Amino acid sequence: MSSCRALLCGRCLLLTRRAPPSSSCLRPRRVSTRPSGFRPERVAVVTKTTRYEFEQQRYRYTGVNEDELRELLALKGSSYNGLLQRHNIHSENVEHVVESLRNEGIDVRVVKRRDYDEETVRWADAIISAGGDGTMLLAASKVLDKSKPVIGVNTDPERSEGHLCLPVRYTHSFPEALHKLYRGEFRWQWRQRIRLFLEGTGINLTPVDLHEQQLSLEQHSKAHSAGGHQEQTSATISGPHLLPIRALNEVFIGESLSSRMNYKFCKPRFTFSLHRASYYEISVDDGPWEKQKSSGLNVCTGTGSKAWSYNINKMAPQTVEEILNIGESALCPEGAYKSFSYS
C-alpha cells in the first residue's frame, strides 16, 4: 500500500477578474500593488477540447463521417448542430485572442490541452488558458514557477461562468486587455496551490491524465498493467516523490474508476454500475495512522472551497429540516411532537 503526503506550495500568479465582496473565500491570499506593466515576448495559449472535438475523437478510428456522427449524437439525445455551433464560437474567440497577440509582435504557441506539457511552460513568458475554469485549472497545474503568470479567457461566456477568467467583455476585445497589461492597469492575484508527494510501491512516475479518456474497465486494467503503457514506469520509491503538478482547486485521492464498475445481465438493457469504495490509511502531521473506508479523500484550497468541495459538503434544506425534526422529536415528550420548518 502506498502512502502520500499533501503540502501547501508557494503561490501562483493569476490574472483574473476580481471576486465579488460576498465571495470572501475566493479572494486571493495576497494582492500586490499595481505593477508598472507587463509585456511578454512569448505566450502559450492552451485551448480546451470542445464537446464536438471530443465526440470526433471518440469515433476517429471507426471511420465515422459527419452524417453518421450526427446520427450517433441524436441517439444519445445530443444536438449535432448545437455542439458544432458552440465549437465554432470557441474557435472564433481563440482566433481573436491569438490574432491580437500576434498583432502586438508576440510569439504565440497554440496547444491543445492534451499537448500541454512542461516544455511549453518553460518556453512561454505567460500562459493564457482559452476555455473555462477547467482549462484554467489545467493551465495553472503545470506552472511550477510562481512568478510566471496565468491568464484565463472565457471563450464561451454564454455557456460557461468562468470565475477564474477575465471579465467577459475582454473575450471579444482582447486588445483592450493587452493594452491595460502593458500600462500596468491591473493587479496580480496570488492564489495558494497544493503540491503532492508520493512514496511507497507501485507508483507511476509518469502521471496519467484521465480527463479526456473514456476507458472501459478492460481498457483501464490494461492501462494500469505492467505492459499496458510502455511510457509508464512503476517503481518503489524510498523517499517522497514530488508530482510535477500543482493543484489550484483540490486534490482527490481515491479510485480512478470508482463509478465505472459496470455489470450486465444476459440482456443488455439490464446494466448497472456499482460504487467501489477506497480503503486507505491516513495520518495527519505525523500523527497516528487510521484505517478509513470512503469514496476517497478530498483536500481543497481557498480557491476550490466554492467548487467541488462545496458541493461535497453542503447539506440540502430538506436534509437540515429532517435532522432538526429528529432532534425536536427526541426532546419533546411523546404526543407533543411538532414539525419544524426550515427556510
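Given the structure is predicted, the values throughout are model-derived calculations rather than measurements.

What counts as what
- Residues numbered from 1 in each chain as written.
- Predicted model: local features only at pLDDT ≥ 70, side-chain atom pairs only at ≥ 80, totals over all residues.
- Heavy atoms only, no water.
- Helix = DSSP H or I, 4+ residues; strand = E, 2+ residues; numbered from the N terminus.
- Contact = heavy atoms within 4.5 Å.
- Areas by Shrake-Rupley, 256 points an atom, 1.4 Å probe, with all protein chains shown as cover.
- Axes fitted to C-alpha atoms, helices over the stretch in contact; angles between N-to-C directions.
- Nonpolar A, V, L, I, M, F, W, Y, C, P; charged D, E, K, R; others polar.
- Buried < 20%, exposed > 50% of the residue type's maximum accessible area, 1.4 Å probe, protein only.
- Pairing = 2+ DSSP bridges.
- Right-handed = clockwise from strand over helix to strand, strands pointing away.
- Patch = residues over 30% accessible without salt bridge, like charges linked within 9 Å, V, L, I, M, F, W, Y side chains within 5 Å.
- Salt bridge = Lys/Arg side-chain N within 4 Å of Asp/Glu carboxyl O.
- Lys, Arg positive; Asp, Glu negative; His and termini not counted.
- Charge placed at Lys NZ, Arg CZ, Asp CG, Glu CD.
- Core = buried A, V, L, I, M, F, W, Y, C linked by side-chain atoms within 4.5 Å.
- Phe/Tyr/Trp six-rings, centres within 6.5 Å; stacked < 30°, edge-to-face > 60°.
- Lys NZ or Arg CZ within 6 Å of the ring centre and 35° of its normal.

Caption draft 1: Summary view of the overall build of the chain. Assigned secondary structure in the chain consists of 10 helices and 14 strands. For the chain, restricting intrachain contacts to residue pairs at least 6 apart in sequence, the fraction spanning at least 24 positions comes to 70%. With the model as given, the accessible surface of the chain reaches about 20800 Å², and the carbon-plus-sulfur share is 51%.

Caption draft 2: Spatial organisation of the packing of helix α1 (residues 51–58) against helix α3 (residues 80–103). The interhelical angle for the contact between α1 and α3, taken along N-to-C directions, is 120 degrees, at an axis separation of 7 Å. Seen from α1, the contacting residues are Arg 51, Tyr 52 and Glu 53; seen from α3, they are Tyr 80, Leu 83, Leu 84 and His 87. Of the residues that constitute the contact of α1 with α3, the class distribution is 4 nonpolar, 1 polar and 2 charged.

Caption draft 3: Main features of the pairing of strand β5 (residues 126–131). Of all the 6 residues making up β5, 6 are buried; the element is thus mostly covered by neighbouring parts of the structure. The sheet contact formed by strand β3 (residues 42–47) and β5 spans 5 bridges and is parallel. By the bridge assignment for β5, Ala 44 is matched with Ile 127. Bridging between β5 and strand β6 (residues 150–154) involves 5 bridges; their strand directions are parallel. Bridge pairing links Gly 131 to Asn 154 in β6. Taken together, β5, helix α5 (residues 133–141) and β6 form a β-α-β motif whose crossover is right-handed.

Caption draft 4: Layout of a nonpolar patch on the surface. On the surface, a nonpolar cluster with roughly 290 Å² of combined accessible area is contributed by Phe 252, Trp 308 and Ile 312. Secondary-structure assignment places Phe 252 in strand β9 (residues 250–253).

Caption draft 5: Just a negative patch on the surface, in detail. Taken together, the side chains of Glu 66, Asp 67, Glu 68 and Glu 71 define an acidic patch exposed on the protein surface. Looking at the secondary structure, you find Asp 67 in helix α2 (residues 66–75). Residue class for Asp 67 comes out exposed when judged on its relative accessible area of 51%.

Caption draft 6: Molecular detail of the environment of Gly 162. Assignment of secondary structure puts Gly 162 in the loop between β6 and α6 (169–172). Through-space distance from the C-alpha of Gly 162 to that of Gly 152 is 8.2 Å; in sequence the pair is 10 residues apart.

Caption draft 7: Up close: the pattern of salt bridges. Under the counting rule described, the total for this entry stands at 9 salt bridges. Notably, a salt bridge pairs Arg 86 with Glu 158, separated by 3.7 Å at the nearest N-O pair. Placement of Arg 86 in helix α3 and of Glu 158 in the loop between β6 and α6 is noted, with a sequence separation of 72 residues between them. For Glu 158, a relative accessible area of 68% puts it in the exposed group.

Caption draft 8: Up close: the nonpolar core. Formed by 23 residues in total, the largest nonpolar core has its most connected members in Val 43, Val 45, Leu 101, Ile 128, Leu 166 and Phe 174. Elements represented by at least two residues in this core include exactly β3, α3, β5, β6 and α7 (174–183). In this structure Leu 101 touches Val 43, Val 45, Ile 106, Val 108, Ile 128, Phe 174 and Leu 178, once residues within four positions along its chain are discounted. Of all hydrophobic cores here, the second largest spans 16 residues; its members include Trp 123, Ala 124, Met 136 and Leu 248.

Caption draft 9: Representation of the packing of aromatic side chains. This model, assessed by the stated rule, comprises 4 aromatic pairs. Judged by centre distance (4.7 Å) and plane angle (80 degrees), the ring pair of Phe 186 and Trp 188 falls under edge-to-face. Take Trp 188: its relative accessible area is 11%, and that puts it in the buried class. Linked through ring pairs, Phe 38, Phe 186 and Trp 188 together constitute an aromatic cluster. A cation over an aromatic ring shows up here: Arg 39 above the ring of Tyr 182, its NZ or CZ 3.7 Å from the ring centre. The lysine or arginine in question, Arg 109, covers the ring of Trp 123, its NZ or CZ lying 4.3 Å from the ring centre.

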